[in-house]
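One letter stands for each residue in the lines below.
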Amino acid sequence: MEKRTGVVTFAGGPITLVGPEIKVGQQAPDFTVLSNDLQAKTLKDFEGKVKVISVVPSLDTGVCDAQTRWFNQDATALSEDVVVLTISMDLPFAQKRWCGAAGVDKVITLSDHKDASFGENYGFLIEELRLLTRGVVVINKDNKVTYVEYVPEVTQAVNFDAALEAIKADI
């Protein structure tokens, strides 16, 4: 499996990302993650939609909480053709609890904890922590990647404006 260093830091320290760097224009790789009711979900389950994948290390941190709330409010309001998937290594039970407590009801939270399939296929898996690094991937209805952001410092926020523009361009 490919490993990339010098791309992202966590609290200022270097980390290793496992998997290939995803690039705009390529066909989106498939993945298998778990829904909150422990059902396997793949890219095919969201066919015909613009897919916004909001990647976070853990919903139980301030920046991840804010990122997920923002996508729940702003990105999901753009069109019925947009689906926002928040993927983390949090257990499905924790994701469900967090969504209930936070009132997040439009974003679909998915767990990569079992196989790290998304993390490895999209190059978001942090080798040292077995968490996902922060970022965003936008995939159009034809499953082509139209936007990718790997946030250079995991503790910082994604570029919401750039992600929003990419989503709007795909609607």
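Residues numbered from 1 in each chain as written. Predicted model: local features only at pLDDT ≥ 70, side-chain atom pairs only at ≥ 80, totals over all residues. Heavy atoms only, no water.

On to the overall build of the protein, then. A tally of regular secondary structure across the protein gives four helices and eleven strands. Compactness check: the protein gives a C-alpha radius of gyration of 14 Å against a globular reference of 16 Å for 171 residues, within 12% of the reference. If one aligns the C-alpha atoms of the protein with their principal axes, the spans along those axes are about 40 × 35 × 30 Å. Counting over 171 residues, the protein shows a buried share of 52%. If you take every contact in the protein between residues at least 6 apart in sequence, the share linking residues at least 24 apart comes to 64%. Of the roughly 7,600 Å² of accessible surface on the protein, a fraction of 51% belongs to carbon and sulfur atoms. (Helix = DSSP H or I, 4+ residues; strand = E, 2+ residues; numbered from the N terminus. Rg over C-alpha atoms; globule rule 2.2 N^0.38 Å. Buried < 20%, exposed > 50% of the residue type's maximum accessible area, 1.4 Å probe, protein only. Contact = heavy atoms within 4.5 Å. Areas by Shrake-Rupley, 256 points an atom, 1.4 Å probe, with all protein chains shown as cover.)

What follows deals with the state of the cysteines. Going through the model one piece at a time under the given rule, you end up with zero disulfides. Free cysteine: C64, not disulfide-bonded; nearest cysteine sulfur from C99 at 13 Å. Residue classification places C64 among the buried positions, given a relative accessible area of 0%. (Disulfide = S-S within 2.5 Å.)

The UniProt feature table records "active site" (unreviewed entry) at C64. Structurally, the position occupied by C64 is in helix α1 (residues 62-75). Those residues in contact with C64 that sit more than four places away from it in its chain are V56, P57, S58, L59 and R134. (UniProt positions renumbered as here; feature names shortened; annotations may be inferred.)

Spatially, the four strands line up as an open sheet ordered β1-β2-β8-β9, and their pairing is antiparallel. Looking at the sheet topology across the chains shown, the edges are occupied by β1 (3-10) and β9 (131-132). Judged from the two bridges that link them, strand β8 (residues 125-126) and β9 form a sheet pairing that is antiparallel. Each residue of the ladder has a partner; that of I126, found in β9, is L131. (Pairing = 2+ DSSP bridges.)

Bringing the pairing of strand β11 (residues 145-150) into the picture now. Counting buried positions over the six residues of β11 gives five, a clear majority of the element. As paired strands, strand β10 (residues 135-139) and β11 are joined by five bridges and run antiparallel to one another. What sits directly across from V137, in β11, is V148. Hairpin remark: β10 followed by β11, antiparallel, with five residues in the connecting loop; positive phi at N143, about 65°.

We now examine the pattern of salt bridges. Taken as a whole, this structure holds seven salt bridges when the rule is applied. When the shortest N-O distance is used, the salt bridge between E127 and K3 registers 2.3 Å. Here the residue E127 occupies a position in the loop between β8 and β9, and K3 occupies one in strand β1, the gap between them amounting to 124 residues. Overall, the relative accessible area of 37% leaves E127 in the partly exposed class. Among the salt bridges present, the one from D81 reaches K141, with a minimum N-O distance of 3.0 Å. With D81 in the loop between α1 and β6 (82-88) and K141 in the loop between β10 and β11, this residue pair connects regions lying 60 residues apart in the sequence. Taking the relative accessible area as the measure of exposure, D81 reaches 29% and is therefore partly exposed. (Salt bridge = Lys/Arg side-chain N within 4 Å of Asp/Glu carboxyl O.)

Moving on: the packing of α1 against helix α4 (residues 160-170). Angle between the axes and distance between the axes are the two parameters that describe a pair of packed helices. With their axes 12 Å apart at the nearest point, α1 and α4 run at an angle of 35° to one another. Crossing geometry of α1 relative to α4 is assigned as right-handed. On α4, the residues touching Q67, W70, F71 and A75 of α1 are F160, A163, L164 and I167. (Axes fitted to C-alpha atoms, helices over the stretch in contact; angles between N-to-C directions. Left-handed = near helix turned anticlockwise from the far one by under 90°.)

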